[in-house]
Amino acid sequence: MAAKKLSEYRAKRDFKKTAEPRGKVVRAAEYPRFVIQKHDATRLHYDLRLEVDGVFKSWAVTRGPSLDPKEKRLAVEVEDHPLDYGDFEGTIPEAEYGGGTVMLWDRGFWVPEGEQHPDDALTDGELKFTIAGEKLHGSYVLVRMRFDREKGRGSAKRNNWLLIKHKDDFAKPDDGEGILKKDRSVASGRTMKQIAEGKGQGPDAFMMAKGKTDKPDAIWHSNKPRRGKPEDAPHVPRTKRSGKRPVVGRVDTSGGDTVLGVKISKSDKALWPARGKDKAVTKLDLARYLEAVGPWMIEHLEGRPCSIIRAPDGIDGKQQFFQRHAMKGMSELVGTVKVPGDHEPYLQIDRVDGLIAMGQIAALEFHPWNCEPDQPQVPGRLIFDLDPAPDVAFGKVIAAARELRERLEAIGLVAFCKTTGGKGLHVVTPLKAAQGLGWDEAKTFAQAVCTAMAEDRPDLYLVNMSKKLRKGRIFLDYLRNDKIATAVAPLSPRARPGAPVSMPVTWAQVRDGLDPQKFTVHTAPALMAKRDAWSDYCKSERPLKAAIAKFVKTRG
């Protein structure tokens with residue numbers, strides 16, 4: 001379908017002379033993306049591109065976007081563009097179609113307003129939408145100009161629209177063009193002059209998330225082909241609730257103090273001090289980390305009450321506290337949920353920008369319930385926390401995790417492993433819902449599995465959390481398998497020196513040499529993009545009832 005939509009785009013270009021993207025397959029993201037490219041062609045303009053059904057719907061905005069709701073900007077609809085065009089920054093040969101310098105002026109995510117599909121809204125001539133970019137934010141509308149239709153009165157060839165800013169917190173009456181003074185590339189930090197001359201830092205990839213950085217001298221003349229061609233984005237798991245694929249990101253250190261539409265105050269405040277070769281992690285760094293790994297995290301947070309640990313002055317500050325209920329003034333991006341038996345609503349984080357809003361108030365750790373999404377009474381996963389005594393070598397924890405995996409798989413469950421951000425490991429098994437069993441049965445079963453393991457090797461394991469008895473042994477903690485019990489989320493940072501995270505790992509990694517300390521806010525995004533840890537998590541749910549029956553039979 002996308003290939004048909006791109007026929008006009010391809011017909012207008014001679015790809016032997018221009019190195020513009022021909023149109024690679026780009027994986028879908030959790031939210032549709034947008035880019036705005038400043039284009040110094042025959043006439044300077046700004047190209048607005050909105051991702052719709054596998055292509056960029058595109059408009060040439062003659063004077064650029066405005067923040068003033070009273071200013072209506074002409075937006076001439078042009079041919080659909082391929083999604084990998086969203087990483088295009090350089091110079092098109094002058095003799096070619098659209099010849100001139102192109103800057104990635106803004107980019108981010110957008111969502112349509114209302115229930116209508118964007119294609120239907122565009123057909124009807126009015127698309128209302130909200131964008132979250134690095135420069136532009138808030139609500140806009142595209143309105144097709146009256147009589148200017150392909151087969152109507154007016155121009156028979158052109159399709160003219162108006163781009164208008166809605167009145168909201170991001171609008172700036174009487175200063176609509178002020179935003180255009182932010183005149184550097186969001187992908188490379190360069191000016192138009194530097195891009196034309198091939199100087200400065202090359203642009204970072206956004207659409208092709210695993211893409212290499214183009215070299216600064218990537219001026220796309222016919223006698224000088226583009227270098228640093230992006231690679232296909234890596235495989236990432238589908239979310240089981242929505243079927244959408246998360247965007248793969250990485251921590252971006254280019255300027256600005258707004259992340260995915262969330263304003264980050266005191267963005268340079270250090271939350272984790274520098275340690276060794278690693279720089280301090282600031283509030284802005286945390287926000288960008290949560291943006292990068294958020295789509296993976298949301299899969300395990302969505303629909304579940306979530307507690308947080310906040311450290312307003314960083315991990316070395318005087319204040320550090322646990323919070324599970326909403327409070328006055330909480331961001332609207334963060335949801336709440338009422339749980340029977342508790343008068344106060346719990347926090348619930350269902351979206352990536354909600355995670356970032358929590359980072360803005362210095363939430364360093366995220367601890368969700370382990371229920372089925374939107375069903376607090378129903379177990380959604382079991383978590384076994386392998387907590388070693390201080391004198392236990394980590395190699396023994398690795399062996400314990402592998403042994404527990406074997407025991408769980410022997411009774412029909414699928415096991416996954418993650419680091420805790422500390423000295424232990426978590427073994428996690430996803431459960432199939434609607435089996436008629438509740439938390440009492442889940443907790444009893446988890447206790448029985450751990451007890452059996454401890455009885456078989458009392459020299460290595462115990463299920464009694466008494467510190468006096470733990471010397472030289474590993475505490476098999478089954479207590480997280482209760483309705484209101486929590487466990488640190490996959491990829492959540494920890495409020496500990498070095499900014500470690502709870503890292504999902506493959507079983508191939510769970511072997512001698514595994515070092516949990518290497519998984520940090522600095523390293524985790526790139527590592528997740530390269531590996532397929534937990535990629536089949538959502539397909540691995542198994543019924544608890546059948547596992548209990550098999551366990552009883554084997555122990556009987």
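Here is a short report on the structure shown in this document. (Residues numbered from 1 in each chain as written. Predicted model: local features only at pLDDT ≥ 70, side-chain atom pairs only at ≥ 80, totals over all residues. Heavy atoms only, no water.)

### What to know about the overall build of the protein chain
Along the backbone of the protein chain there are 10 helices and 26 strands. Going through the 556 residues of the protein chain one by one, you find that 54% of them count as buried. Residue pairs at least 24 apart in sequence account for 65% of intrachain contacts in the protein chain once pairs closer than 6 positions are excluded. (Helix = DSSP H or I, 4+ residues; strand = E, 2+ residues; numbered from the N terminus. Buried < 20%, exposed > 50% of the residue type's maximum accessible area, 1.4 Å probe, protein only. Contact = heavy atoms within 4.5 Å.)

### Topic: the pattern of salt bridges
Within the structure shown, the criterion is met by 26 salt bridges. Here E177 makes a salt bridge to R63, at a shortest N to O gap of 2.7 Å. You can see E177 sitting in the loop between β9 (159-165) and α4 (192-197) and its partner R63 sitting in the loop between β3 (55-61) and β4 (72-81), a full 114 residues away along the chain. The exposure class assigned to E177 is partly exposed, which follows from its relative accessible area of 38%. A relative accessible area of 48% places R63 in the partly exposed class. When the shortest N-O distance is used, the salt bridge between D313 and K269 registers 3.6 Å. (Salt bridge = Lys/Arg side-chain N within 4 Å of Asp/Glu carboxyl O.)

### Quick word on the side chain of N481
Mapped onto the elements, N481 comes out in the loop between β25 (474-477) and β26 (504-505). When its relative accessible area of 0% is taken as the criterion, N481 is described as buried. For N481, the side chain forms a polar contact with the main-chain nitrogen of I383, separated by 2.8 Å. Polar contacts involving the side chain of N481 include one to the main-chain carbonyl oxygen of Y478, which spans 3.0 Å. Not counting residues up to four positions away in its chain, the partners in contact with N481 are R381, L382, I383, W439, K443 and A446. (Polar contact = N/O pair within 3.5 Å; in protein donor to acceptor, adjacent residues only side chain to side chain.)

### Here we look at the packing of aromatic side chains
For the structure shown, the criterion picks out 13 aromatic pairs. Centre to centre, the rings of W110 and F129 are 6.0 Å apart; their planes meet at 90°, and the pair counts as edge-to-face. Taken as a pair, W110 in strand β6 (residues 100-112) and F129 in strand β7 (residues 126-133) lie far apart in primary sequence, 19 residues in all. When sorted by exposure, W110 lands in the same class as F129, which is buried. Ring geometry for F445 versus F551: centroids 5.9 Å apart, planes at 85°, classification edge-to-face. In this pair, F445 sits in helix α8 (residues 439-456) while F551 sits in helix α10 (residues 544-555), placing the two residues 106 residues apart along the sequence. With respect to burial, F445 and F551 carry one shared label: buried. Of the aromatic side chains, those joined through ring pairs into one cluster are Y9, Y85 and F88. Between K165 and the ring centre of Y140, over which it is positioned, the NZ or CZ distance is 5.0 Å. (Phe/Tyr/Trp six-rings, centres within 6.5 Å; stacked < 30°, edge-to-face > 60°. Lys NZ or Arg CZ within 6 Å of the ring centre and 35° of its normal.)

### Here's the deal with the sheet that holds strand β22 (residues 416-419)
Here 6 strands make up an open sheet; going across it, the order is β24-β25-β21-β23-β22-β26 and the pairing mixed. In this open sheet, the two strands that pair with only one neighbour each are β24 (461-462) and β26. Taken together, the 6 bridges between strand β21 (residues 381-388) and strand β23 (residues 425-430) define a ladder with antiparallel strand orientation. When the sheet's bridge partners are listed, D385 is paired in β23 with H426. Against the sheet, α8 touches β21, β24 and β25, its axis set at about 35° to β21. (Pairing = 2+ DSSP bridges. Axes fitted to C-alpha atoms, helices over the stretch in contact; angles between N-to-C directions.)

### Thoughts on the sheet that holds strand β15 (residues 321-323)
With antiparallel pairing, 3 strands are arranged side by side in an open sheet as β15-β14-β18. Looking at which strands have only one partner, the edges of the open sheet turn out to be β15 and β18 (363-368). Neighbour-to-neighbour, the strand axes of the sheet open up by a mean angle of 20°, direction not taken into account. Pairing analysis gives 5 bridges linking strand β14 (residues 306-310) to β18, with the strands arranged antiparallel. Paired with I309 across the strands is E365, a residue of β18.

Don't take any of this as a statement about function, it's just geometry.
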